[in-house]
Amino acid sequence: MKVGYPCINLTIGCKGSSRFWLKSYSEERLIDTASNNLDCLHKMLRFNMKHDILFFRIASDLIPFASHAVCRLDWPSYFRREFEDLGSYINCHEIRISMHPGQFTVLNTPVPSVLENSTKELLYHTRVLDAMGLDGTAKIQLHVGGIYNNKQKAILQFIERYRDLDEKIKKRLVIENDERNYSLRDCLWIHSETGIPVLFDVLHHKLSNSGESLEEAFALFTKTWGKEDGIPMVDYSHQQTAKLNARHSESIDVERFECLLEQTKPFDYDVMLEIKDKEKSVLKVLPILMRDPRFRSTAHV
DNA sequence: CCATGTCAAGGTCAC
DNA sequence: GTGACCTTGACATGG
């Protein structure tokens, strides 16, 4: 079990996901922004290592507009050195990595241009992880997509589109249960047809499920991850506690997180805390994790 | 300098 | 059919 947070570190004062507006695109601007992002990513990983944080989600904006037609730069070559340095740091320290394309990446869309853009976006994410030399345990998480008035058909469409993807993408792609359209049960069905692993989102499951308890859910989704996929991944967040003033200070409820650990004792997994205050929430739960025999700290590496 | 408007992309729902 | 919302910031421009 490794613990982490997504994309942004609020302590160290740099940003690994800076972008700019498309209309001000220039190759120079791209190179400048991407250089800073890559540099900041390295800083965030070093910060994480100091604090026993071995799971991290890399922001999709690492190389802005990389999947857009406007980008003519051969960025994997241009930044080869930076990617290799990052990759060796990640591999040496056994850091777990994920990425999560945005809402515009939809595989089961009926619109050809959307499919084309989505495929390019998935290819971009894959190329980032490949450029770092990471193995198949570095994952790209995606929601199943839209319903289009016919869920059964939409699921079959997803399966068909998944099968058509490049092997390099397939090796990394996992699906995540969402809060509205595709529940754990739906994802498991897609898994049975395709073999794609299911990343479990605790909050989404609470909002949309088929009556499975947390224990039952863990027993189900953890089985969808093969040896080559690595330890199953979990996204954890909770709804804001009804407190005055909580609006700007959302942070993890340590007791509730402790309940999760307690309820899922038989299972090993890597957990991403999707909480507004990012690494601060991770630091808050570290003392509890340190007492958990499943937890992997930097002392193990 | 500061305030405000705008930003690649999709899907869903309320009206 | 249109527009707000998701989610949130921060880039960019105009005053």
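Scope of this entry: the structure provided in the associated data block. (Residues numbered from 1 in each chain as written. Chains lettered and ligands numbered in written order. Predicted model: local features only at pLDDT ≥ 70, side-chain atom pairs only at ≥ 80, totals over all residues. Heavy atoms only, no water.)

## Concerning the state of the cysteines
Selection criterion: Note on disulfides: each one is a pair of cysteine sulfur atoms within 2.5 Å. Each helix corresponds to a stretch of at least 4 residues labelled H or I by DSSP, and each strand to a stretch of at least 2 residues labelled E; elements are numbered beginning at the N terminus. A simple rule labels every residue: compare its accessible area, found with a 1.4 Å probe on the protein chains alone, to the largest value its type can have, and call it buried under 20%, exposed over 50%, or partly exposed in between.
Per the stated rule, a full pass over the model turns up one disulfide. Each sulfur in the disulfide pair Cys14 and Cys40 lies 2.0 Å from the other. The disulfide joining Cys14 to Cys40 has a torsion of about 80° about its S-S bond and is therefore right-handed. In this pair, Cys14 sits in the loop between strand 1 (3-6) and helix 1 (27-50) while Cys40 sits in helix 1, placing the two residues 26 residues apart along the sequence. Exposure remark for Cys14: the relative accessible area of 21% places this residue in the partly exposed category.

## Remarks on the protein's contact with DNA strand B
The test is simple: Whether a residue is near a molecule or strand is decided by its heavy atoms; if any one of them lies within 4 Å of it, the residue is near. The definition of a polar contact used here is a pair of N or O atoms within 3.5 Å, where within protein one atom must be able to donate a hydrogen and the other to accept one, and adjacent residues in sequence count solely through side-chain atom pairs.
Trp21, Leu22, Gln103, Ile147 and Tyr148 are the nearest of the 17 residues found near DNA strand B. When the atoms of DNA strand B within 4 Å of the protein are grouped by moiety, sugar and phosphate amount to 48% of the total. Taking Ser67, its side chain carries an N or O atom lying 3.5 Å from a base nitrogen of DNA strand B.

## Quick look at the pattern of salt bridges
Where we set the bar: Salt bridges are identified by distance alone: a Lys or Arg side-chain nitrogen within 4 Å of an Asp or Glu carboxyl oxygen.
If you walk through the whole model with that rule in mind, you get 17 salt bridges. Among the salt bridges present, the one from Glu84 reaches Arg80, with a minimum N-O distance of 3.8 Å. Of this pair, Glu84 and Arg80 both sit in helix 3 (residues 80-92), four residues apart, which is roughly one turn of the helix. For Glu84, a relative accessible area of 42% gives the class partly exposed. Lys151 is the salt-bridge partner of Asp186, the closest N and O atoms lying 2.8 Å from each other. Of this pair, Asp186 sits in helix 7 (residues 184-194) while Lys151 sits in helix 5 (residues 151-164), and the two are 35 residues apart along the sequence. For Lys151, a relative accessible area of 31% puts it in the partly exposed group. The structure contains a network of salt bridges with shared partners spanning Arg57, Asp235 and Glu274.

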